[in-house]
Amino acid sequence: MSRVMLDLAGVVKSYPGPQGARVPVLKGLSMSLTAGTTSAILGRSGSGKSTLLTILGLLDTPDSGRYVIDGTDTTGLSDRRLAHLRSERIGFVYQRFFLLGHLTAFDNVMAALQHGTPVPRRRRREQVMESLDQVGLADRGHHRPRELSGGEQQRVAIARALVRSPAVVLADEPTGALDERTTEGVLALLLGAARDRGAATALVTHDLQVAAMADRTLHLANGSWLDDQKAADADSHQRPGDQYA
Ligand code: ADP
Ligand code: MG
């Protein structure tokens, strides 16, 4: 049986709208992410992908619903506890890498070990080297980001995301800033390295070729999963909208 690393149940999120109204953005989303697997999340602009990622990343909390990460229910936890869990259990990979330009690749990865449960100094260096080695950059630790190609910079960011062997890896258009030739290699590296460490990965993309490399694809439409919405539409005998075309 595969271990469920992240479990969302009935998550609702709304933003303040005009005249005190609330604008619903996530309408009762449920999903489970399993260790060693990758889920691609697709959806049009405005469908709620970024909102979902901020919730998955513990950067914002749902209005209602449940979020359990590797057995820990996050409901009602203090901001401090949430920040700790985030540093400890979640690895982020961003479209634009977000490496610190004045730090070497080694120190960029090391930075991820500065928060959360302290790691002994000696063990820290080993972990950083293991992580750089895993992305094929063991010999580039002393380089600064500007001395690396885009693909190499994203590999450093992957090493940074994985250095604590997180429960969950969240990637937002991780190959969106890379050229086509680099995309497949970097993505394969991300998915393979996350799987080897037993993480569950969710990646947001609009690139169908990227989505095809995941184990499954989830379509977000108007704050619901498309299949749920199809079922709801069938129930109410509505004609499917153009979003299903
Ligand atoms: P996506 O990433 O799929 O494009 P978002 O999650 O960014 O979608 O946005 C979903 C909806 O929520 C959009 O209609 C957007 O205008 C709205 N929205 C996003 N963030 C906010 C916010 N901070 N305040 C109000 N509305 C927001
Ligand atoms: Mg977005």
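Below or above, wherever it landed, is the structure these notes cover.

Cut-offs and rules
- Residues numbered from 1 in each chain as written.
- Chains lettered and ligands numbered in written order.
- Predicted model: local features only at pLDDT ≥ 70, side-chain atom pairs only at ≥ 80, totals over all residues.
- Heavy atoms only, no water.
- Helix = DSSP H or I, 4+ residues; strand = E, 2+ residues; numbered from the N terminus.
- Rg over C-alpha atoms; globule rule 2.2 N^0.38 Å.
- Buried < 20%, exposed > 50% of the residue type's maximum accessible area, 1.4 Å probe, protein only.
- Contact = heavy atoms within 4.5 Å.
- Areas by Shrake-Rupley, 256 points an atom, 1.4 Å probe, with all protein chains shown as cover.
- Salt bridge = Lys/Arg side-chain N within 4 Å of Asp/Glu carboxyl O.
- Pairing = 2+ DSSP bridges.
- Axes fitted to C-alpha atoms, helices over the stretch in contact; angles between N-to-C directions.
- Parallel < 35°, antiparallel > 145°, perpendicular 65-115°, else oblique.
- Nonpolar A, V, L, I, M, F, W, Y, C, P; charged D, E, K, R; others polar.

## Concerning the overall build of the chain
Point 1. Helices and strands together make up the secondary structure of the chain, namely 8 helices and 10 strands.
Point 2. For the chain, the C-alpha radius of gyration of 19 Å lies close to 18 Å, the compact-globule estimate for 245 residues.
Point 3. The principal-axis extent of the C-alpha atoms belonging to the chain is close to 60 × 45 × 40 Å.
Point 4. Residues counted as buried form 44% of the 245 residues belonging to the chain.
Point 5. Restricting the contact set of the chain to residue pairs at least 6 apart, pairs at least 24 apart contribute 71%.
Point 6. Surface summary for the chain: the accessible area is close to 12,600 Å², and the carbon and sulfur share equals 49%.

## Observations concerning the pattern of salt bridges
Side chains that differ in charge, positive against negative, can pair when their charged atoms come close.
Point 1. Within the structure shown, the criterion is met by 11 salt bridges.
Point 2. Measuring nitrogen to oxygen at the nearest pair gives 3.2 Å for the salt bridge that ties K13 to D60. With K13 in strand β1 (residues 4–16) and D60 in the loop between α1 (49–56) and β4 (64–69), this residue pair connects regions lying 47 residues apart in the sequence.
Point 3. Using a relative accessible area of 8% as the deciding quantity, one classes K13 as buried.
Point 4. Taking relative accessible area as the criterion, D60 reaches 28% and is therefore assigned partly exposed.
Point 5. Between R140 and D139 there is a salt bridge, and its shortest N-O distance comes to 3.9 Å.
Point 6. Given a relative accessible area of 27%, R140 falls into the partly exposed group.
Point 7. Within this structure, R122, R123, E126 and E130 form a network of salt bridges that share partners.

## Section: the sheet that holds strand β9 (residues 216–221)
Point 1. Pairing within the open sheet is mixed, and its 6 strands lie in the order β6-β7-β8-β3-β9-β10. Looking at strand neighbours, the two that pair on one side only are β6 (90–93) and β10 (224–225), the edges of this open sheet.
Point 2. Its contacts with the sheet put helix α5 (residues 150–162) on β6 and β7 (168–172), and the angle it makes with β6 is roughly 170°.

## Some details on the packing of α5 against helix α6 (residues 180–196)
Point 1. Packing of α5 against α6 leaves a shortest axis separation of 10 Å and a crossing angle of 10°. Judged by the angle between their axes, α5 and α6 are roughly parallel. Between α5, through G151, Q154, R155, I158 and L162, and α6, the contact on the second element is made entirely by T182, V186, L189, L190, A193 and A194.
Point 2. The residue inventory of the contact of α5 with α6, partitioned by class, reads 7 nonpolar, 3 polar and 1 charged.

## Description of the sheet that holds β1
Point 1. Strand order in the open sheet formed by 4 strands is β2-β1-β4-β5, with antiparallel pairing between adjacent strands. At either margin of the open sheet sits one strand with a lone partner, and together these are β2 (22–34) and β5 (72–73).
Point 2. Inspection of the sheet shows β1 paired to β2 by 10 bridges, in the antiparallel sense. Note that in β2 the partner of D7 across the bridge is S32.

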